[in-house]
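Tertiary structure, described
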Amino acid sequence: MLVCPNCDFENPSINKFCEQCGTSLETWLVAIVEQAQRPTAESVSAPVSPPIESAPVAVESPQAPVPNPESAPVAVESPQAPVPNPESAPVAEAVVSAVPSPQPEAAASTELSGEAVDPQQRYRIAAEARQTWLDWQKQPAGTFETHVSDSQPSEPTFLETVFDRSQEESENASASAEDSQAMQEIPAIAYHYLTLHDSLAPAIPPLHDAWKFGGFETILLEDRRNWGLLIDRWGDEGNSLLQLLYWLDEMLKLWQALAPVGCAQSLLEETNLRLDEDQTLCLQRLYPDPANTQLTLQHLGKMWQKLFGKSGRTIYDPLPRFLEQVRQGNYTTVDEVRPNLQKIATQYENPSAFEEEITQVPSAAERSEANTIPLVQTSERFTAPKSSSDDAPTVVLPMQLLSVLEAGCTDIGRQREHNEDCFGITANISKDENAMSKQVRIRGLYVVCDGMGGHAAGEVASAMAVDTLQEYFKNNWSEDGGLPDKDTIIEGVLTANQKIYEINQQNERSGSGRMGTTLVMALVRDTKVAIAHVGDSRIYRITRKHGIEQLTTDHEVGQREIQRGVEPAVAYARPDAYQLTQAIGPRGSNFVKPDVTFLEINEDTLILLCSDGLSDNDLLETHFQTYLTPLISSKADIDRGLQELIDFANDRNGHDNITGLLVRLKVRPSTDYPRF
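Rules and cut-offs
- Within every chain, residues take consecutive numbers counted from 1 along the sequence as written.
- Where local features are concerned, this predicted model is filtered to residues with pLDDT of at least 70; where side-chain atom pairs are given and counted, the filter is 80 or more; whole-chain, interface and lining totals use all residues.
- Side-chain descriptors were evaluated using all non-hydrogen atoms of the structure, hydrogens and water having been removed beforehand.
- Think of it this way: any DSSP run of H or I at least four residues long counts as a helix, any run of E at least two long counts as a strand, and we number them from the N terminus.
- Relative accessible area decides the class of each residue, using a 1.4 Å probe on protein chains only: under 20% of the type maximum gives buried, over 50% gives exposed, and in between gives partly exposed.
- In what follows, a contact means two residues having at least one pair of non-hydrogen atoms within 4.5 Å.
- Under the convention used here, a 1.4 Å probe and the Shrake-Rupley method define accessible areas, while residue burial counts only the protein chains that appear.
- Here a salt bridge means any side-chain nitrogen of Lys or Arg lying within 4 Å of a carboxyl oxygen belonging to Asp or Glu.
- Think of the arc as the fan of directions from the helix axis to the C-beta atoms.
- Nonpolar core, defined: a set of buried Ala, Val, Leu, Ile, Met, Phe, Trp, Tyr and Cys residues in which side-chain atoms within 4.5 Å join the residues together.
- Note on pairing: DSSP must find at least two bridges between two strands before they are called paired.
- Known as pLDDT, the predictor's per-residue confidence is scaled from 0 to 100.
- All axes here are fitted lines through C-alpha atoms, helices being fitted over the stretch that makes contact, and every angle between N-to-C directions spans 0 to 180 degrees.

Notes on the overall build of the chain
Scanning the chain from terminus to terminus reveals 20 helices and 24 strands. Burial statistics for the chain: of 676 residues in total, 51% are counted as buried. Restricting to contacts in the chain with at least 6 residues of sequence separation, those with at least 24 account for 72%. Of the roughly 30200 Å² that the chain leaves accessible, carbon and sulfur atoms contribute 47%.

In structure tokens, the structure reads:
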């Protein structure tokens, strides 16, 4: 069955369009084909690549370390070979460097048909490109790019099949990676996509499939040729200086990751630099570095000057001097370049002072002659660079809110008779927009509570806590002010606690009969956030750069023991390890000590507040890349995404009520700075 991506209707596998809404069911990709070693006459009679059913595999699964691509030959494009112009290519593009392992009857021939790039006819070329594809196979030169449709999107890809069999082999210990033919069936460049995508998404396009066949290597990628070009957006007069510095810093981060694997050329191809819907710098594909050429930051400096030269804008005064130094090769590491980007960002109001400091940076010749450690400019003086790239300085730019969306959902679960969870959303969102700028502001309060107490007392307590906090901050949080301070936030939590505690006292409740609730709360004021919590409900932060981060520490016996120095395994071996050490309502306010933390949003971020029915059994930590990371994109429907996450939690956990509240904050460098 083919599930429609638009309406979820299940269609027969032979359908090309959804029977219910008419949406195309074909998955369009970019195919890039490289000529590998052409087969000899002796090798034509035998399969170039063994059948899927019989090929031994020892390639690591996506969850396991991926084999080192450096150990396999890399098909590097010849510097003289013409690179196809992506602007003139069809809408969807496929990179062909390998083809799925053919069946025996298809493998006898090294020729591919004109209708598909693989012998199984799964990845079919658009009709207008088929003759060109046949002609190229006869006299292959350089790279062939075309768009292909996946006619079997619900079936496992060749790459997935290799990984699955690799996992089986590793579990049976029946073969090693060195002895397996599987690694030889995957182009070396494919491993770079696999290893880089998770840490650099969305900058690196996802790899759909990859294979070798008939002297060709093929990779299939997400089609990005219709994405906006950086060079086009660069010249927009609405861009602030900080926006351009932000993109330069993004290029530096990518350079730091791509140069060691021999793909720095990807940042030097003008048409390869794209922007997604959030104006995030992305690559259309990876380009191997030219043979016998060592790319340096000097090459990147030339690209930077090219960007500014084509933009037609007058450059902010300190910047051209700095760009010229990069182009001349005065900087050899990213750690040396970044502090100067930061200086330009923070000292734009006093360019003369910065100009004086920037001229002190020694040239490459001077550094060589002096035989000294290269110097890095910091905010106060020149110091020796740090040795670890993990500790490298980063450009910290003031950010402004671009958009905000929120979604909340609660579910009774599979085993409970009633729902004791409750959530609350109170948000005032305003937007000011004109031809030159757009500014979004928010004053938002988000609360999730998980009640306890029996006889429906838990749901009373959780609802009472939410209502009390909403009323408290309505009266104690200025409409025009920033975030409330720590004391004000704590007072709000204690107010909710006291209200529930007094009802317990009035009704003479005692012991486990006392109603109570956990509490997690986030207050958002533009790009600043305050979080507070009591109990074991949690707040997570999800970003593309850092993945998922738990921002709260459960108030339970096990965590208390860990904080006292007990080993985690010992702490959670206790029978009372998951017993709460704090809750709202059961005891007076002298016994409640909420944790309060302040954050600043400096990249696109999801904030997730949830009860333990959603977070139990490490469900979020294990599956966030599937259910949460995609929701960072502006194209994602977070209401639908949250519902899918809760449905999944019901299947995996389901023993408790499940509640989640999502806030998506999209940011960009502030435009409240001089344009140039």
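After that view, the rundown keeps rolling.
Observations concerning the pattern of salt bridges
Close approach of charged atoms allows side chains of opposite charge to pair. Scanning the model with the defined rule gives 30 salt bridges in all. In this structure, the salt-bridge partner of glutamate 600 is lysine 528, at a minimum N-O distance of 3.2 Å. Of this pair, glutamate 600 sits in strand β22 (residues 595–600) while lysine 528 sits in strand β19 (residues 528–534), and the two are 72 residues apart along the sequence. With relative accessibility at 47%, the residue glutamate 600 sits in the partly exposed group. Between glutamate 621 and arginine 538 there is a salt bridge, with the nearest N and O atoms lying 3.8 Å from each other. Of this pair, glutamate 621 sits in helix α19 (residues 619–627) while arginine 538 sits in strand β20 (residues 538–543), and the two are 83 residues apart along the sequence. For arginine 538, a relative accessible area of 14% corresponds to the buried category. Via salt bridges that share partners, Arg560, Glu561, Arg564, Arg574 and Asp576 belong to a single interconnected network.

Some remarks on the side chain of threonine 527
In this fold, threonine 527 is placed in the loop between β18 (519–525) and β19. A relative accessible area of 9% means that threonine 527 is categorised as buried. For threonine 527, the contacting residues outside a window of four places in its chain are Met399, Gln400, Leu401, Leu599, Glu600, Ile601 and Val667.

A short note on the environment of aspartate 526
Assignment of secondary structure puts aspartate 526 in the loop between β18 and β19. When the C-alpha atoms of aspartate 526 and valine 440 are compared, they prove to be 7.6 Å apart, with 86 residues separating the residues in sequence. With residues near it in sequence (within four places) discarded, aspartate 526 still touches Leu401, Val440, Arg441 and Ile442.

Quick notes on helix α10 (residues 318–327)
Every buried residue of α10 is accounted for by Pro318, Leu319, Phe322, Leu323, Gln325 and Val326. One side of α10 holds all its buried residues, which, seen down the axis, span an arc of 160 degrees. Looking one or two residues past α10, glycine 329 carries a phi angle of roughly 90 degrees, positive in sign.

Quick look at the nonpolar core
Grouped together as the largest cluster of nonpolar side chains are 76 residues, with contacts concentrated most on Trp304 and Phe322. Take this core: its biggest share by element is 11 residues, from helix α8 (residues 241–258). Ala465, Tyr472, Met521 and Ile584 belong to the second largest nonpolar core, which has 29 residues in total.

Quick notes on the pairing of strand β8 (residues 216–221)
Taking burial as the measure, the 6 residues of β8 include 6 buried ones, the bulk of the element. Residues Phe216, Thr218 and Leu220 point to one face of β8 and Glu217, Ile219 and Leu221 to the other, with burial holding for every one of them. When strand β3 (residues 27–35) meets β8, the two strands line up antiparallel, connected through 6 bridges. Its bridge partner lying in β8, isoleucine 32 is registered against isoleucine 219. The sheet contact formed by strand β7 (residues 207–213) and β8 spans 6 bridges and is antiparallel. If you follow leucine 207 over to β8, its bridge partner there is leucine 221.

Description of the confidence of the model for the chain
Close inspection of predicted coordinates is inappropriate in any region flagged by low pLDDT. When pLDDT is averaged along the chain, the result is 78, and 73% of the positions lie at 70 or above. Note on residues 38–93: pLDDT is under 50 here. Beyond four places in sequence and across chains, it has 135 contacts. Confidence drops under a pLDDT of 50 for residues 95–108, and excluding neighbours within four residues, the segment shows 76 contacts in the predicted structure.

Focus: the sheet that holds strand β24 (residues 658–669)
Judged by pairing direction, the sheet is antiparallel, and its 5 strands sit side by side in the order β14-β24-β23-β20-β21 without closing on themselves. A single partner strand is all that each edge strand has here, and the edge strands are β14 (399–411) and β21 (547–550). Pairs of neighbouring strands in the sheet enclose a mean axial angle of 20 degrees, with direction left out of account. Of the pairings in the sheet, the one linking β14 to β24 comprises 12 bridges and is antiparallel in character. In the strand pairing of β24, cysteine 409 is matched with glycine 660.

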